[in-house]
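Fold and geometry: a report
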Amino acid sequence: MAVRVQTEDFDAGAEIAVLCAASPEVGACASFVGVVRARDGGDGVAAMRLEHYSGMTEKACEAIVAEARRRWRLIDVTVIHRVGELAPGDRIVFVGVASAHRGDAFAACEFIMDYLKTRAPFWKQECTGRGSRWVEAREDDDAAAARW
Amino acid sequence: MAIRILYFAALREALGRPEESMELPESVGTVEALRLHLCGRSGAWEVLGRTRNLRMAINQEMAQPASPLKDGDEVAFFPPVTGG
């Protein structure tokens, strides 16, 4: 299990290859990649800054992964979340889940993302032509996390 | 009791500081009491009273308003998270 919070980009293909090779039991790997939108609502986004609470972020992500492991039969999990300055099109987050069968991998991957969005202390600030603004938390995200 | 307080994102900007250390009066024993104590500074600090769904953590774990404080705690105030 790996949780990494980093400024550098990641290679999703390489991360998936590591998960697939985690054990001879692996029969499925589900993954998610979040990307900075070039347009959010009406305004073009020139850049995004991701702030986090160093220390608590890692603990919160590890707790989410541990909860996923309690709920599903998982072989390995990788969570990577970038922080700092990002540009439109940049990758922000990677979640990869390896399991023996696809049902566990699909469900756990979505669960981890839903929980990350509502429980891990990251904050997005968008820079648009009209200045910078903090992204507002979305009620949809709370609803998505609540269904688990 | 001495504690360290951290502020993040829009709250950090509104308050003009990322953190501070503070000696608490005896009467401030919970994270909610601390929030009200800080609101009492007035001016920009009133943001701690009007931030919708203000989140609080003690020693890097999410806390409830009634969570007790003890000497040496690291307390954090922040808006709802928006990562992922």
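Heads up: the structure comes first, above all this text.
Below: a short report on this structure.

The rules behind the values
- Each chain carries its own residue numbering, running from 1 in the written order of its sequence.
- A letter from A marks each chain and a number from 1 marks each ligand, given out in the order of writing.
- In keeping with the predicted nature of the model, local features appear solely for residues at pLDDT of at least 70, side-chain atom pairs appear and are counted solely at 80 or more, and the whole-chain, interface and lining totals rest on all residues.
- Hydrogens and water molecules were not included; the side-chain quantities draw on all heavy atoms of the structure.
- Should any heavy atoms of two residues lie within 4.5 Å, those residues are considered in contact.
- Once two parts are joined, some of their accessible surface, as seen by a 1.4 Å probe, is lost; buried area is that loss totalled over both.
- Salt-bridge detection follows one rule: a side-chain nitrogen of Lys or Arg within 4 Å of a carboxyl oxygen of Asp or Glu.
- Distance and chemistry together define a polar contact, namely a pair of N or O atoms within 3.5 Å, with one atom able to donate a hydrogen and the other to accept it when in protein, and with adjacent residues in sequence counting only for side-chain atoms on both sides.
- Secondary structure elements follow DSSP: runs of H or I of four or more residues count as helices, runs of E of two or more count as strands, with numbering from the N terminus.
- Under this grouping Gly is polar, as are all residues other than the nonpolar Ala, Val, Leu, Ile, Met, Phe, Trp, Tyr, Cys and Pro and the charged Asp, Glu, Lys and Arg.
- Only rings of Phe, Tyr and Trp enter the pairing, Trp through its six-membered ring, and a pair is recorded when the two centres are within 6.5 Å. The plane angle decides the type: under 30 degrees is stacked, over 60 is edge-to-face, the rest tilted.
- Our definition puts a charge over a ring when NZ of Lys or CZ of Arg is within 6 Å of the ring centre and also within 35 degrees of the ring normal.
- Exposure classes here rest on a 1.4 Å probe applied to the protein chains alone. A residue is buried below 20% of its type maximum, exposed above 50%, and partly exposed in between.
- At least two DSSP bridges between two strands are required for those strands to pair.
- Angles shown run from 0 to 180 degrees and are taken between the N-to-C directions of axes, each axis being a line fitted to C-alpha atoms and, for helices, limited to the stretch in contact.

What follows deals with the interface of chain B and chain A. Reports of interface size often rely on the accessible area that becomes lost once the parts have come together. Taken together, the 21 residues of chain B in the interface contact 26 residues of chain A. Summed over both partners, the interface of chain B with chain A buries about 1,900 Å², with 54% contributed by carbon and sulfur atoms. The largest contributions to the chain B side of the interface with chain A come from Gln60, Thr82 and Gly84 of chain B, which together make up 37% of the buried area. Our count for the chain B to chain A interface comes out at one salt bridge. With a shortest N-O distance of 2.5 Å, arginine 12 of chain B and glutamate 51 of chain A are connected by a salt bridge. If you look at where chain B meets chain A, you find 13 residue pairs in polar contact (both at pLDDT 80 or more). Elements with a contribution of two residues or more to the side of chain B that touches chain A: helix 1 (9–15), strand 4 (61–62) and strand 5 (74–78) of chain B. Partitioning the side of chain B that touches chain A into residue classes produces 11 nonpolar, five polar and five charged.

For the structure on display, the rule yields 12 aromatic pairs over all chains. A connected cluster of aromatic rings, assembled from ring pairs, spans Tyr53 and Trp123 of chain A together with Phe8 and Phe78 of chain B. Residue placement shows arginine 41 of chain B over the ring face of tryptophan 45 of chain B; its charged tip is 4.3 Å from the ring centre.

Residues and elements named next belong to chain A. Burial analysis of strand 7 (residues 91–99) places eight of its nine residues in the buried class, the great majority of the element. By the bridge criterion, eight bridges tie strand 2 (residues 28–35) to strand 7 in an arrangement that is antiparallel. Bridged to phenylalanine 32 within strand 7 is valine 95. Where strand 5 (residues 76–82) lies against strand 7, six bridges are found, and the strand directions are antiparallel. When the sheet's bridge partners are listed, isoleucine 80 is paired in strand 7 with phenylalanine 94.

Take the pattern of salt bridges next. Residues and elements named next belong to chain B. The final tally for this structure, using the stated rule, is 18 salt bridges over all chains. Residue glutamate 20 is joined to arginine 41 by a salt bridge in which the shortest nitrogen-to-oxygen separation is 2.8 Å. Taken together, the residues span a long stretch of sequence, with glutamate 20 in strand 2 (residues 19–23) and arginine 41 in the loop between helix 2 (31–39) and helix 3 (47–50) at a distance of 21 residues. Classification of glutamate 20 by relative accessible area gives buried; the value is 10%.

All names here are of chain A. Sheet architecture is open: four strands sit in the order 1-5-7-2, paired in mixed fashion. Each edge of the open sheet is held by one strand with a lone partner, namely strand 1 (2–6) and strand 2. Across the sheet, the mean angle from the axis of one strand to that of its neighbour is 5°, orientation sign disregarded. Where helix 1 (residues 12–20) meets the sheet, it contacts strand 1, strand 2, strand 5 and strand 7, and its direction lies at approximately 20° from that of strand 7. With respect to the sheet, helix 3 (residues 102–119) is in contact with strand 2, strand 5 and strand 7, its orientation differing from that of strand 7 by roughly 145°.

Moving on: the environment of aspartate 142 of chain A. Residues and elements named next belong to chain A. Among the structural elements, aspartate 142 can be located in helix 4 (residues 139–146). The partly exposed category is assigned to aspartate 142, whose relative accessible area is 40%. Through-space distance from the C-alpha of aspartate 142 to that of tyrosine 115 is 8.8 Å; in sequence the pair is 27 residues apart.

Worth remembering: the numbers are spatial, not functional.
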